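An overview of the molecular structure
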Amino acid sequence: MSGDFGYLFVHHVEDPDGHGEQVFFSLSEGDDPLSWRRLNGNRPVLEPTLGTGGVRDPFVVRGDGEFFVLATDLRIYGGDRVPDAAGWDAWTRHGARAVVVWRSTDLLTWSAPWLLELAPPEAGMAWAPEATFDPDTGEFTLVWSSTLFDPADPGRTGDSYSRVLTARTRDFRRVTGVEVLIDRGVAVIDTTVHRVGDAVLRVSKDDSRRPDSLKLFAEVDHGDGFRVVAERIADDLFPDVEAPVVVHDERRDRWYLLVDQFSVRPQGYLALTTDDPLSGNWRPVPAGEFSLPANTKHGGILPLRAGEWRALAAAFGV
């Protein structure tokens, strides 16, 4: 087990009758990114104690000797801090513009959470934050989704749609360079970004609900701008998928795309695979070859290094 080994999946759980809107850890079975067990006796590892009191869409990123988990500040099930004007439209207009952040140096012991304000004042919310680290600059690049409203409309009563925004940070205490990254004129959410050789792969969800919606779509940039290489990914399997997670299995040189379906209970992820993620040709992984606890919801996967898999298994119990 020397070198890179295994994967950590941070996520929340679909649990309308309980409190699944916290951060749960799942660990791969050995180095297999298609087989998972939930850690910590099926209990959350990180509990939000500020903001709305719940988090969704957690993501984990590795920096220089440190790790950060960041998550949408949103609780839609129960609790006395759920907004009175509950409902997805209300949350896109008057949701939190900050995300919840935790820091660790070993993936085992985590700081108290804090709030990082991402979205500008004219935004209605900040959803599904993700980050990538550039070791050359020491900066993290963030992406997330926000509705944007006219500053002359402080009540946010006008029409809007979600764009994907980006910014930079060094410590997740403040951000700089906030700007729009994706604006297709219709709602786009859940963007994940990965470098593949000299190219960049971007997978997002067109959430417009129009007949010509791209639904889950992939874009590739070879240095001359992004172009769509796949649309309506997994649409023949489930009518609604979102929350894409891209995983590269380096030992087997396979790529996997995990997508979260929410139209059939129990909810949760299904897996697709390809040997060329830039082609847009994703094929379903047979159901018997993919194992993940039911109701695992929108999260992010971290490839682990020597000793980290063992340490997580020992600390939180497989």
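These lines cover the structure that appears in this document, whether it is placed above or below. Keep in mind it's a predicted model, so treat the numbers as computed, not measured.

**Describing helix H2 (residues 308–316)**
Buried residues of H2: Glu308, Trp309, Leu312, Ala313 and Phe316, and no others. Angularly, the buried residues of H2 cover 135° about the axis, an arc narrow enough to put them on a single face. Opposite the packed face of H2, turned more than 90 degrees from it, sit the exposed residues Arg310 and Ala314. If you follow the buried residues of H2, they end up packed against strand S1 (7–13), strand S2 (24–29), strand S4 (55–62) and strand S5 (67–73).

**Topic: the packing of aromatic side chains**
Any aromatic ring pair is given by two values, namely how distant the centres are and how the planes are angled relative to each other. The final tally for this structure, using the stated rule, is 11 aromatic pairs. Plain terms: the ring middles of phenylalanine 9 and tryptophan 36 are 5.4 Å apart, the flat faces sit at 65° to each other, and that makes the pair edge-to-face. Note that phenylalanine 9 is positioned in strand S1 and tryptophan 36 in strand S3 (residues 32–38), a separation of 27 residues in sequence. For the pair phenylalanine 9 and tryptophan 36, one class covers both residues: buried. These aromatic residues form a ring-pair network of at least three members: Phe68, Phe133, Phe140 and Phe172. The ring of tyrosine 161 is capped by arginine 163, whose NZ or CZ atom sits 3.9 Å from the centre of that ring. One cation-aromatic arrangement involves arginine 202 over phenylalanine 226; the distance from NZ or CZ to the ring centre is 3.6 Å.

Basis of the calculations
- Residues numbered from 1 in each chain as written.
- Predicted model: local features only at pLDDT ≥ 70, side-chain atom pairs only at ≥ 80, totals over all residues.
- Heavy atoms only, no water.
- Buried < 20%, exposed > 50% of the residue type's maximum accessible area, 1.4 Å probe, protein only.
- Helix = DSSP H or I, 4+ residues; strand = E, 2+ residues; numbered from the N terminus.
- Arc of directions from axis to C-beta.
- Contact = heavy atoms within 4.5 Å.
- Phe/Tyr/Trp six-rings, centres within 6.5 Å; stacked < 30°, edge-to-face > 60°.
- Lys NZ or Arg CZ within 6 Å of the ring centre and 35° of its normal.

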